[in-house]
Amino acid sequence: MKLLAMSDIHDDWSIVQPIVELPDADVCVIAGDLTDMGVFHRHRLIQAYDVVSRLARRYSRVLWIPGNHDFGLDARVFRDITNVVCLLNGPSTIGGVLFRGVSLSVAYNMPSLAYTWCHMTTDPEVELRAFGLDECDVLVSHSPPFGVCDNDGYDLLTKQVCHIGSPALAEWCVTARPRLVICGHSHGGSGEGTVGGTRIVNVARRWELLELSSG
């Protein structure tokens, strides 16, 4: 299976334009922050709707989750576009591959962010509930796991660059062992790594064609 994965577009449609020149794939995956301010920038939300509509015509299935910048966006926003599925509604199985999605990111290094952005928390119990998932093949998570593809934050106490990923997600990867986690959020962490036997791919501010082998 081929997955065209992207995240953190932030209304910068040049990242995915022209859509007709994007590579062929079985599924298009958007791991959050498609917009920069969600419903607060109505004209840009209309542009986002147009881009997602064209992606849905280009690919047989578009799976997406909102990120911390996607204010007011939830499973209802693209529901009338054929082939578009928000994974916050529940898991989706395509070609025998089970996908799940989580929008939550943590803000332990800068707690004020949990009050100024959406889908963020400083509460470990909230984080544990969000990542208390059943097993799946592919997790689409806006946040990377702690310590992998996430070295892009700033610690107010130490005044140093720090990891901003989710510890609960890292632990879940070790126990549930999904085949792949597609994430974003940490722009400077864009790239690839592993947690246990799980492949982690951070596609913040870009797209990447991923191959998922059978079995």
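Everything that follows concerns the structure shown earlier in this document.
Being a predicted model, the structure only gives us computed values, none of them experimental.

Enquirer: It is not clear to me how the overall build of the chain should be interpreted in this structure. Could you clarify?
Expert: The secondary structure content of the chain amounts to four helices and 15 strands. Taking 215 residues into account, the globule formula puts the C-alpha radius of gyration at 17 Å, and the chain, at 16 Å, falls close to it. Viewed in the frame of its principal axes, the chain has a C-alpha envelope of about 45 × 45 × 25 Å. The buried share of the chain, taken over its 215 residues, is 53%. Across the chain, the fraction of contacts at a sequence separation of at least 24, relative to all contacts at a separation of at least 6, is 66%. Side-chain charges in the chain split into 17 positive and 25 negative, and the spacing between the mean points of these groups amounts to 5 Å.

Enquirer: How should I be thinking about the state of the cysteines in this particular structure?
Expert: In a disulfide, the sulfur atoms of two cysteines are covalently bonded to one another. Scanning the model with the defined rule gives zero disulfides in all. Here Cys149 stays unpaired: no disulfide links it, and the sulfur of Cys183, its closest cysteine neighbor, is 5.9 Å away. On the basis of relative accessibility, which here comes to 14%, the residue Cys149 falls in the buried class.

Enquirer: What am I meant to see in the sheet that holds strand β15 (residues 206–211) here?
Expert: The mixed open sheet is built from five strands, whose spatial order is β4-β3-β2-β1-β15. Among the strands making up the open sheet, the edge pair consists of β4 (84–86) and β15. Put simply, the sheet's adjacent strands are angled 20 degrees from each other on average, direction ignored. Pairing of strand β3 (residues 62–65) with β4, which is carried by three bridges, proceeds in the parallel orientation. Paired with Leu63 across the two strands is Val85, which belongs to β4.

Enquirer: Just to check I follow, could you spell out the nonpolar core for this structure?
Expert: Proteins that are soluble and globular tend to have nonpolar side chains buried together. Counting 27 residues, the largest nonpolar core has Met6, Cys28, Ile30, Leu34, Leu55 and Val84 as the members making the most contacts within it. Setting aside chain neighbours within four positions, we find Val84 in contact with Val52, Ala56, Val62, Trp64 and Phe78. Grouped together as the second largest cluster of nonpolar side chains are 19 residues, Ile182, Val201, Val203 and Leu210 included.

Enquirer: Even after reading the chapter, I still don't get the sheet that holds strand β12 (residues 180–183), so can you show me in this structure?
Expert: With respect to topology, six strands assemble into an open sheet ordered β5-β6-β9-β12-β14-β13, the strand pairing being mixed. Here the strands that pair on one side only, and so sit at the sheet edges, are β5 (92–94) and β13 (191–195). Averaged over neighbouring strand pairs, the angle between their axes works out to 25 degrees when direction is ignored.

Enquirer: Just checking my understanding: could you explain the pairing of strand β6 (residues 97–102) for this structure?
Expert: Looking down a regular strand, the side chains alternate between one sheet face and the other. Counting buried residues along β6, five of its six residues qualify, which places the element largely inside the surrounding structure. Joining the antiparallel neighbours β5 and β6 is a turn of two residues, in which Gly95 adopts a positive phi near 55 degrees. Taken together, the four bridges between β6 and strand β9 (residues 138–141) define a ladder with parallel strand orientation. Along β9, the bridge assignment pairs Phe99 with Val138.

Enquirer: I tried to follow the side chain of Asp150 on my own but got confused; where do I start?
Expert: Within the secondary structure layout, Asp150 lies in the loop between β9 and β10 (151–155). A distance of 2.7 Å separates a polar atom in the side chain of Asp150 from a polar atom in the side chain of His163. What Asp150 contacts, discounting residues up to four positions off in sequence, is Pro144, Pro145, Cys162, His163, Ile164, Gly165, Ser186 and Gly189.

Procedures and definitions
Numbering of residues starts from 1 in every chain and runs along the sequence as written. Side-chain atom pairs in this predicted model are given and counted only at pLDDT of 80 or more, local residue features only at pLDDT of at least 70, and totals for whole chains, interfaces and linings cover all residues. Calculated side-chain values reflect all of the structure's heavy atoms, with hydrogen atoms and water omitted. Only DSSP runs of H or I covering at least 4 residues are called helices, and only runs of E covering at least 2 are called strands; the numbering of each starts at the N terminus. To get the radius of gyration, use the C-alpha atoms; to get the globule rule, take the number of residues to the power 0.38 and multiply by 2.2 Å. We call a residue buried when its accessible area falls under 20% of the maximum for its residue type, exposed when it is over 50%, and partly exposed in between, using a 1.4 Å probe and counting protein chains only. Residue contacts follow a heavy-atom distance rule, with two residues in contact if any of their heavy atoms lie within 4.5 Å. His residues and chain termini do not enter the charge count, which takes Lys and Arg as positive and Asp and Glu as negative. We put the charge of a Lys on NZ, of an Arg on CZ, of an Asp on CG and of a Glu on CD. Pairs of cysteine sulfur atoms within 2.5 Å are what we label disulfides. Two strands form a pair only when DSSP identifies at least two bridges running between them. Geometry is summarised by axes, namely lines fitted to C-alpha atoms with helices restricted to the contacting stretch, and by angles between N-to-C directions that run from 0 to 180 degrees. We define a nonpolar core as any set of buried Ala, Val, Leu, Ile, Met, Phe, Trp, Tyr and Cys residues linked to one another through side-chain atoms lying within 4.5 Å. Two N or O atoms form a polar contact when they lie within 3.5 Å of each other; inside protein one atom must be a possible hydrogen donor and the other a possible acceptor, and for residues adjacent in sequence the pair counts only when both atoms belong to side chains.

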